[in-house]
Amino acid sequence: MKFIRRTLKLLLWVVILFLGTSIGAVVLYKYVSVPLSPLMVIRLAQQFRAGEPLKLAHRWVPIDSISPALPQAVWASEDQNFFSHHGFDFNAIEKALQERETRGRLRGASTISQQTAKNVFLWPQQSWLRKGLEAYFTVLIETLWSKHRIMEVYLNTIEMGRGVYGAEAVALEHFGCHALDLNRNQCALIAASLPNPQKMDSSRPSAYMYKRQSAILKQMRNVGPFPDKP
């Protein structure tokens, strides 16, 4: 009985510690730039194991220093219901499940909020534990951050190429300019690479990427300009 009480007490303290540190981190990143993500560390470890040169291109910039066409492009291509949902797009999830049943293929249904939660706080490998923690952190950032802050963090931490993370880094590495100077075509190409930035290179687009770029440019016209901060 004493062992059970001690175990329950220990578990209680573990839960309290997790809640305190996780909520504290989300509050901190509401105001402070994210210097490093778990994925960046994982990619460095993968490069080291493969004997490749270590590369980590990442430079944080505020959303006002990013071309307005880039948040518009990822909003149009990744999550058109970004401003109307509270972290989870249940219609997209339902459609993805239906497509899996009819075509045997599961397409992504993660929102920008979910991707941000995963990028900043978690690891990329699929598991029920990670999905549960992803849902938890998604609720936290949707509660404590504004939509514009979520987009700002997303655009600064998302993987956009091999060893390249965020808008400023991909602009400098792939297009030789700052993120603020990216044009609509370049932003659409960057958005086209996001489903698999390890294989799709926005600096050397394939025919498939150009096709995706054209579709994203059309979607950008449909959704309109990315809203200004309230």
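Residues numbered from 1 in each chain as written. Predicted model: local features only at pLDDT ≥ 70, side-chain atom pairs only at ≥ 80, totals over all residues. Heavy atoms only, no water.

Asker: What's the story with the sheet that holds strand 1 (residues 57-58) in this structure? I'm lost.
Answerer: In a beta sheet, neighbouring strands pair by backbone hydrogen bonds and run either parallel or antiparallel. Read from one edge to the other, the open sheet built from three strands follows the order 1-3-2, with strand pairing classed as mixed. Lying at the two open borders of the sheet, with one neighbouring strand each, are strand 1 and strand 2 (159-161). As defined by bridge partners, strand 1 adjoins strand 3 (residues 164-165) across two bridges and the pair is classed as parallel. Residue pairing across strands places His58 opposite Tyr165, the latter belonging to strand 3. (Pairing = 2+ DSSP bridges. Helix = DSSP H or I, 4+ residues; strand = E, 2+ residues; numbered from the N terminus.)

Asker: Is there a simple way to explain helix 5 (residues 112-121) in this structure?
Answerer: Within an α-helix, residues lying three or four positions from one another point in the same direction, as the helix has 3.6 residues per turn. Counting buried residues along helix 5, nine of its ten residues qualify, which places the element largely inside the surrounding structure. Taken together, the buried positions of helix 5 are Ile112, Ser113, Gln114, Gln115, Thr116, Ala117, Asn119, Val120 and Phe121. (Buried < 20%, exposed > 50% of the residue type's maximum accessible area, 1.4 Å probe, protein only.)

Asker: Would you take a moment to explain the packing of helix 3 (residues 69-78) against helix 10 (residues 207-223) for this structure?
Answerer: Here helix 3 crosses helix 10 at 100 degrees, and the two axes come no closer than 8 Å. Here helix 10 runs roughly perpendicular to helix 3, going by the angle between their axes. Counted together, Ala69, Gln72, Ala73, Trp75, Ala76 and Ser77 of helix 3 and Ile216, Gln219, Met220 and Val223 of helix 10 form the full contact between these two elements. (Axes fitted to C-alpha atoms, helices over the stretch in contact; angles between N-to-C directions. Parallel < 35°, antiparallel > 145°, perpendicular 65-115°, else oblique. Contact = heavy atoms within 4.5 Å.)

Asker: What exactly am I supposed to notice about a nonpolar patch on the surface here?
Answerer: Together, Val15, Phe18, Leu19, Ile23, Val27, Leu28, Tyr31 and Val32 make up an exposed nonpolar region whose accessible area comes to about 680 Å². Mapped onto the fold, Ile23 is located in helix 1 (residues 2-29). (Patch = residues over 30% accessible without salt bridge, like charges linked within 9 Å, V, L, I, M, F, W, Y side chains within 5 Å. Areas by Shrake-Rupley, 256 points an atom, 1.4 Å probe, with all protein chains shown as cover. Salt bridge = Lys/Arg side-chain N within 4 Å of Asp/Glu carboxyl O.)

Asker: What is the right way to look at the nonpolar core in this model?
Answerer: It is characteristic of soluble globular proteins that their nonpolar side chains tend to be buried jointly. Counting residues in each nonpolar core, the largest one holds 49 residues, and the members touching the most others are Leu70, Val74, Phe121, Trp145, Met151, Tyr154 and Met220. If you list the elements that add at least two residues to this core, you get helix 1, helix 3, helix 5, helix 6 (128-144), helix 7 (147-157), helix 8 (167-175), helix 9 (184-193) and helix 10. Tallying contributions element by element places helix 3 first for this core, with six residues. Non-local contacts of Tyr154, meaning those with residues more than four positions away in its chain, are made with Val74, Glu78, Ile112, Gln115, Thr116, Asn119 and Leu194. (Core = buried A, V, L, I, M, F, W, Y, C linked by side-chain atoms within 4.5 Å.)

Asker: What am I meant to see in the packing of helix 5 against helix 7 here?
Answerer: A packed helix pair is summarised by two numbers, namely the angle formed by the two axes and the spacing between the axes. Helix 7 packs onto helix 5 with a crossing angle of 50 degrees between their chain directions and a minimal axis gap of 9 Å. As judged from the angle between their axes, helix 5 and helix 7 are oblique. The way helix 5 lies across helix 7 gives a crossing that is left-handed. Two secondary-structure elements touch here, helix 5 through Ile112, Ser113, Gln115, Thr116, Asn119 and Val120 and helix 7 through Lys147, Ile150, Met151, Val153, Tyr154 and Thr157. In terms of residue class, the contact of helix 5 with helix 7 is made up of six nonpolar, five polar and one charged. (Left-handed = near helix turned anticlockwise from the far one by under 90°. Nonpolar A, V, L, I, M, F, W, Y, C, P; charged D, E, K, R; others polar.)

Asker: Quick question: what am I supposed to make of the state of the cysteines here?
Answerer: One way to say it: the disulfide is the covalent bond shared by the sulfur atoms of two cysteines. Following the criterion strictly, the structure yields zero disulfides and no others. Of all cysteine sulfurs, the one in Cys187 lies closest to Cys177, which takes part in no disulfide; the gap is 8.6 Å. The class of Cys187 is buried, set by a relative accessible area of 0%. (Disulfide = S-S within 2.5 Å.)

Asker: Explain the packing of aromatic side chains to me, please; I cannot follow it from the model alone.
Answerer: Under the defined criterion, the tally for this structure stands at nine aromatic pairs. Between Phe83 and Phe226 the ring centres are 5.3 Å apart and the planes differ by 55 degrees, which places this aromatic pair in the tilted class. One end of the pair, Phe83, is in the loop between helix 3 and helix 4 (90-103); the other, Phe226, is in the segment after helix 10, with 143 residues separating them in the sequence. What makes Phe226 buried here is its relative accessible area of 11%. In this structure an aromatic cluster arises from ring pairing among Phe18, Tyr29, Phe121, Tyr136 and Phe137. Stacked on the ring of Phe82, the Lys or Arg Lys147 has its end atom at 4.6 Å from the ring centre. (Phe/Tyr/Trp six-rings, centres within 6.5 Å; stacked < 30°, edge-to-face > 60°. Lys NZ or Arg CZ within 6 Å of the ring centre and 35° of its normal.)

Asker: Just to check I follow, could you spell out helix 9 for this structure?
Answerer: Where burial is concerned, most of helix 9 is hidden: eight out of the ten residues are buried. Those residues of helix 9 lying buried are Gln186, Cys187, Ala188, Leu189, Ile190, Ala191, Ala192 and Ser193. On the buried face of helix 9, the contacting elements are helix 3, strand 2, helix 8 and helix 10. Where helix 9 starts, the residue carrying a side-chain oxygen 3.1 Å from the main-chain nitrogen of Asn185 turns out to be Asn183. (Polar contact = N/O pair within 3.5 Å; in protein donor to acceptor, adjacent residues only side chain to side chain.)

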